[in-house]
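# Fold and geometry: a report
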Amino acid sequence: MYHRMIQDQQQNPLLPGYSFNAYLVAGMTPILADGPLDFAIDRPGGMKGFILNLTVKGQGKVFDGEDTFYCNPGDLLLFPPKARHLYSRSANADSWYHRWVYFRPRAYWADWLEWHTKTRDVGRLSLPNNTLLLEFDRLFANIEQTQKSGRRFCEELGMNLLERLLLRAMEEDPQSPQKIMDPRVIEACQFITGNLAGELRIDEVARHVCLSPSRLAHLFREQVGINILRWREDQRVIRAKLLLQTTQESIATIGRVVGYDDQLYFSRVFRKRVGVSPSDFRRRSVEINYPAKPYKSHPWPEQENAVAYHF
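Let us look at the structure shown here. (Residues numbered from 1 in each chain as written. Predicted model: local features only at pLDDT ≥ 70, side-chain atom pairs only at ≥ 80, totals over all residues. Heavy atoms only, no water.)

Another aspect to go through is the pattern of salt bridges. Evaluated as defined, the whole model comprises 21 salt bridges. Here Arg84 ties to Asp42 by a salt bridge, and the two come within 2.9 Å at their closest N and O atoms. Of this pair, Arg84 sits in the loop between strand S6 (75–79) and strand S7 (85–89) while Asp42 sits in strand S2 (residues 39–43), and the two are 42 residues apart along the sequence. The partly exposed category is assigned to Arg84, whose relative accessible area is 31%. Note that Arg236 is salt-bridged to Glu199, the shortest N-O span being 3.4 Å. (Salt bridge = Lys/Arg side-chain N within 4 Å of Asp/Glu carboxyl O. Helix = DSSP H or I, 4+ residues; strand = E, 2+ residues; numbered from the N terminus. Buried < 20%, exposed > 50% of the residue type's maximum accessible area, 1.4 Å probe, protein only.)

Put into structure tokens, the structure is as follows:
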């Protein structure tokens, strides 16, 4: 049943119904007047992750009524989770080409995702010249190429490129803070994330970032808000949730992948953090994303609550 429903889901991310159950998906949407992609997207409940959007050609329209605004080449948008998506090609233009990246952020990116100019929670930033537009266009294209490459660690490499993109956006935002998270804390987070299955000791992490264990512990709690061990457990649970939603691996295997050799202990930790067992979480995710309806009666699964309106 689970396998059949995975097969039934929409495979094209440019069309409604595509399942965004991944850490990173990137692409380009080339909308031409009266073309196959010339429809409005309306996701009243937003999405589970973030979407970063760059207009490279033409003009797009976002929202209706008093909140309406238009996207021109060089305009960046950041849709946070649960923020409404309501956008389409502008009637004033014959096209709207926009690059986009859908992602589940790393925990230490929180400050980078607080954009200062917003409309209905959607962050907005305009690049002031064509040189910057070309630079950002290349960054988006590199993320898409890397994510689709099928190479070893393509997702991790894509996330690293996205990290650069987010930092460049902060750098170009005149309202962004002058100082961001200490780079040694960022490196510690990356090191831990890359070794979730291992039992890293704090002194190993501290040695990796050239700090004493006490100094790292102090900086980490000061800048992240929780201690290193609690943060690592959070990341393990986040990764486990994604694997439960997007793979058919056994509970025991997923537990080992995220660092728990004992399946019972993994289940206890997961239940404590999420409120349900791993098996119940997987079952509920399937029921929500792939409701038991005849496929023909609803041609697009209700993933991400998307509705499309063709013009």
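On to the pairing of strand S10 (residues 122–126), then. For S6 and S10, the ladder comprises four bridges, and the chain directions are antiparallel. Bridge pairing links Asp75 to Ser126 in S10. Two elements, strand S9 (residues 118–119) and S10, share two bridges in a ladder whose sense is antiparallel. Note that in S10 the partner of Thr119 across the bridge is Val122. Between the antiparallel neighbours S9 and S10 lie two residues, among them Arg120 with a positive phi of about 50 degrees. (Pairing = 2+ DSSP bridges.)

What follows is about the packing of helix H2 (residues 130–147) against helix H3 (residues 154–172). Packing of H2 against H3 leaves a shortest axis separation of 8 Å and a crossing angle of 160 degrees. Here H2 lies roughly antiparallel to H3, going by the angle between them. Crossing of H2 against H3: the hand is left-handed. Of the residues in H3, those touching H2 at Leu132, Glu135, Phe136, Leu139, Phe140, Asn142, Ile143, Thr146 and Gln147 are Cys154, Leu157, Gly158, Leu161, Leu162, Arg164, Leu165, Arg168, Ala169 and Glu172. Residues belonging to the contact of H2 with H3 are distributed by class as follows: eleven nonpolar, four polar and four charged. (Axes fitted to C-alpha atoms, helices over the stretch in contact; angles between N-to-C directions. Parallel < 35°, antiparallel > 145°, perpendicular 65-115°, else oblique. Left-handed = near helix turned anticlockwise from the far one by under 90°. Contact = heavy atoms within 4.5 Å. Nonpolar A, V, L, I, M, F, W, Y, C, P; charged D, E, K, R; others polar.)

Of note, Thr55 is situated in strand S3 (residues 50–58). Owing to a relative accessible area of 0%, Thr55 belongs among the buried residues under this scheme. Reaching out from Thr55, the side chain makes a polar contact with the side chain of Trp96 at a distance of 3.0 Å. Apart from the residues within four sequence positions on either side, Thr55 is in contact with Cys71, Asn72, Pro73, Gly74, Asp75, Trp96, Tyr97, His98 and Leu133. (Polar contact = N/O pair within 3.5 Å; in protein donor to acceptor, adjacent residues only side chain to side chain.)

Next up on the list: empty space enclosed by the protein. Tallied over the full model, the rule gives four cavities of 30 Å³ or more. Put simply, the second largest cavity is a space of about 70 Å³. Together, eleven residues line the second largest cavity, and Glu114, Trp115, Met170, Asp173 and Ser176 are the ones closest to its centre. Within the lining of the second largest cavity, the residues separate by chemical class into six nonpolar, two polar and three charged. (1 Å grid on protein atoms, 1.4 Å probe; cavity = no way out; pocket = protein on both sides within 12 Å on 5 of 7 lines; lining within 4 Å. Points joined across faces, edges and corners; volume = space filled by probe spheres on them.)

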